Amino acid sequence: LVQLQQSGGGSVKAGESLTLTCDASSYTFYGYGMAWFRQAPGKEREGVAAIMTGDKVTYYTDSVKGRFTISHDHTRDTLYLQMTSLLPEDTAMYYCVGDPTKRDLQKWLLSTPDPSKGYWGQGTQVTVSS
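Rules of the game
Residue indices follow the written sequence of each chain, beginning from 1 at its first position. Side-chain atom pairs in this predicted model are given and counted only at pLDDT of 80 or more, local residue features only at pLDDT of at least 70, and totals for whole chains, interfaces and linings cover all residues. Excluding hydrogens and water, the side-chain figures rest on all heavy atoms present in the structure. Put simply, DSSP marks the helices as runs of H or I at least four residues long and the strands as runs of E at least two long, and each gets a number from the N terminus on. Burial classification: accessible surface area is computed with a 1.4 Å probe over protein chains only, and a residue below 20% of its type maximum counts as buried, one above 50% as exposed, and the rest as partly exposed. By the criterion applied in these results, polar contacts are pairs of N or O atoms within 3.5 Å in which, for protein atoms, one can donate a hydrogen and the other can accept it, and in which residues neighboring in sequence qualify only through two side-chain atoms. The contact criterion used throughout is that any non-hydrogen atoms of two residues lie within 4.5 Å. Salt bridges are counted wherever a side-chain nitrogen of Lys or Arg sits within 4 Å of a carboxyl oxygen of Asp or Glu. His residues and chain termini do not enter the charge count, which takes Lys and Arg as positive and Asp and Glu as negative. For the purposes of this section, nonpolar cores are sets of buried Ala, Val, Leu, Ile, Met, Phe, Trp, Tyr and Cys residues that join through side-chain atoms within 4.5 Å. The definition used for a disulfide is geometric: two cysteine sulfur atoms within 2.5 Å. Here a Phe, Tyr or Trp ring, Trp counted by its six-membered ring, pairs with any other such ring whose centre lies within 6.5 Å, and the pair is stacked when the planes are under 30 degrees apart, edge-to-face when over 60, and tilted otherwise.

Re the side chain of Arg38
(1) Moving on: Mapped onto the elements of the fold, Arg38 is located in strand E4 (residues 33-39).
(2) Moving on: Take Arg38: its relative accessible area is 4%, and that puts it in the buried class.
(3) Moving on: Of the polar contacts made by the side chain of Arg38, one reaches the side chain of Ser63; its length is 3.5 Å.
(4) Moving on: Here the side chain of Arg38 touches Asp90 through a polar contact of 3.0 Å, side chain to side chain.
(5) Moving on: When sequence neighbours within four positions are dropped, the list of residues in contact with Arg38 reads Glu44, Arg45, Glu46, Val48, Ser63, Val64, Phe68, Glu89, Asp90, Ala92, Met93 and Tyr94.

Here you go:
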């Protein structure tokens, strides 16, 4: 089920930037965890970045540290993923998710997510060409 509305994404060249947006205004996530996951064809869905919407603590998977920034606008209840210095290996379908049960962000990103749990966006494609 599509519960969160995503926008952004597209096709860019390596080294360029994109920003993804996730509108979570239909739900109350403030004080809980939100995250971005991605899935490339033939691969498992993997965690990219996560944030606690209350205290703004963040965690990133090693491959995107220093290049991606996750943020949350409390007023609009909107989640963002700013992606810079994009690489071909960043090519994937990106999904946002909110889950009030998540507290350990590192553990969450390293887990295999259950798409039936939490509130998920519809996904948006990011394609990076060399």
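From this point, the discussion proceeds with the structure in view.
Things to note about the pattern of salt bridges
(1) Moving on: Going through the model one piece at a time under the given rule, you end up with four salt bridges.
(2) Moving on: As a salt-bridge pair, Arg67 and Asp90 come within 2.8 Å of each other at their nearest N and O atoms. Of this pair, Arg67 sits in the loop between strand E6 (58-60) and strand E7 (68-73) while Asp90 sits in the loop between strand E8 (78-83) and strand E9 (92-99), and the two are 23 residues apart along the sequence. Each member of the pair, Arg67 together with Asp90, is buried.
(3) Moving on: What emerges from the salt-bridge pattern is a single network uniting Arg38, Glu46, Arg67 and Asp90.

Side note on the environment of Tyr60
(1) Moving on: Residue placement: Tyr60 occurs in strand E6.
(2) Moving on: Note: C-alpha distance between Tyr60 and Trp108 (48 residues apart in sequence) is 11 Å.

What about the side chain of Arg45?
(1) Moving on: Inspection of the secondary structure assignment puts Arg45 in the loop between E4 and strand E5 (46-52).
(2) Moving on: Look at Arg45: it is buried, it has no salt bridge, and the nearest opposite charge is Glu44 at 8.2 Å.
(3) Moving on: At a separation of 3.4 Å, a polar atom in the side chain of Arg45 contacts the side chain of Gln39.
(4) Moving on: Not counting chain neighbours up to four residues away, the residues in contact with Arg45 comprise Phe37, Arg38, Gln39, Tyr95, Pro113, Pro115 and Trp120.

Section: the nonpolar core
(1) Moving on: Core analysis: the largest hydrophobic core is formed by 25 residues, its most contacted members being Trp36, Leu81, Met83 and Tyr94.
(2) Moving on: Of all the secondary-structure elements, those providing two or more residues to this core are strand E3 (18-23), E4, E5, E7, E8, E9 and strand E11 (124-129).
(3) Moving on: In terms of nonpolar packing, the next biggest core, distinct from the first, is built from 10 residues, Ala35, Ala50, Val97 and Trp120 among them.

Here we look at the state of the cysteines
(1) Moving on: A complete count under the given rule lists one disulfide for this structure.
(2) Moving on: With its sulfur 2.1 Å from that of its partner, Cys22 forms a disulfide with Cys96. Judged by the sign of its S-S torsion, about 65 degrees, the cystine formed by Cys22 and Cys96 is right-handed. With a gap of 74 residues between them, Cys22 in strand E3 and Cys96 in strand E9 connect regions that are remote in the sequence.

Considerations on the packing of aromatic side chains
(1) Moving on: The tally for this structure, following the rule as stated, stands at three aromatic pairs.
(2) Moving on: With 5.7 Å between their ring centres and 55 degrees between their planes, Phe37 and Trp120 make a pair best called tilted. Here Phe37 is found in strand E4, whereas its partner Trp120 is found in strand E10 (residues 119-120), with 83 residues between them in sequence. Just as Phe37 is buried, Trp120 falls in that class too.
(3) Moving on: Between Tyr95 and Trp120, the aromatic rings sit 6.4 Å apart at their centres with planes inclined by 80 degrees, giving edge-to-face as the arrangement. Here Tyr95, found in strand E9, pairs with Trp120, found in strand E10; they are 25 residues apart in sequence, far enough to count as distant.

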